[in-house]
Each structure stands twice: as structure tokens, then as C-alpha cells.
Amino acid sequence: MPVASVPDDALLIRARNVVFSDLDNELIIISSEAGKVFSLNAVARLAWMVMAEPITFGALCDALRAAFEVEPQQCSEDTAELVCNLRDLELLAVTQPAP
């Protein structure tokens, strides 16, 4: 299975049509548009909270590496997988900055 890839300068923007609730170390996201409920674990929860404002993929990885003991390559791969999953679920937009 190929590893997901997101450029460091890609801008990550959370969807506005969702509501979420923080429950202990878990985050519950409700997409009224999709009519679905999603649950994020502690690491994905922190990523979601860091993305409260638009942020680059590289800056998100920096924040996660500061919070968790993880190798840069592993963090980048795992975070790219999370970002791609959130994008595919229409909970996150991933855009490229203008040249």
C-alpha cells in the first residue's frame, strides 16, 4: 500500500460545516452535511485542535513532534495518512499555496 504524501507547504483548512465535542482524550466530530459521526483518538484529536486555524502541513507536523516523541519521517507519514483520511471524509480541505 503506497504511503500518503502531502507537501510541507500544503495549507490545511478544517471544514466549517462540522461540530465537535472534546470527551477526555477523544474527539467526536459530527458532520451534519454527511449525516455521520466520527471519533478521533488522542493524536488525531491534537492534530484537529492545532488545525483550528489554517496551518501548513509542515507546521502541523512540527506541532505533533513537539507533543509526541516520534521520528520526523514517521510523523510525516502518519500525519499525511490522517490528513488524507480527513480530506476524503470532507472534514478538511488541503490546498496548495499560490506560486
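Look up a bit, the structure's there.
What you see is a predicted model, and the numbers here were worked out from it, not measured in a lab. (Residues numbered from 1 in each chain as written. Predicted model: local features only at pLDDT ≥ 70, side-chain atom pairs only at ≥ 80, totals over all residues. Heavy atoms only, no water.)

With that settled, the discussion passes to the sheet that holds strand β5 (residues 55-56). The three strands are arranged β5-β1-β6 in an open sheet whose pairing can be described as antiparallel. Strands at the two margins of the open sheet, each flanked by one partner only, are β5 and β6 (92-95). Relative to β5, strand β1 (residues 11-14) runs antiparallel, the two sharing two bridges. The partner of Leu11 across the bridge, within β5, is Thr56. (Pairing = 2+ DSSP bridges. Helix = DSSP H or I, 4+ residues; strand = E, 2+ residues; numbered from the N terminus.)

Turning our eyes to something else, we now look at helix α3 (residues 72-88). Given a rise of 1.5 Å per residue, 17 residues ought to cover 24 Å, and the 24 Å separating the end C-alpha atoms of α3 matches this to within 8%. Taken together, the buried positions of α3 are occupied by Cys75, Thr79, Ala80, Leu82, Val83, Cys84 and Leu86. Tucked into the core, α3 has its buried residues touching β1, β4 (36-40), α1 (42-50), α2 (57-67) and β6. Immediately beyond the C-terminal end of α3, within one or two residues, lies Glu90, with a positive phi of roughly 60 degrees. (Expected span 1.5 Å × (residues − 1). Buried < 20%, exposed > 50% of the residue type's maximum accessible area, 1.4 Å probe, protein only. Contact = heavy atoms within 4.5 Å.)

From the geometry alone we can't say anything about function, so treat these as descriptive.
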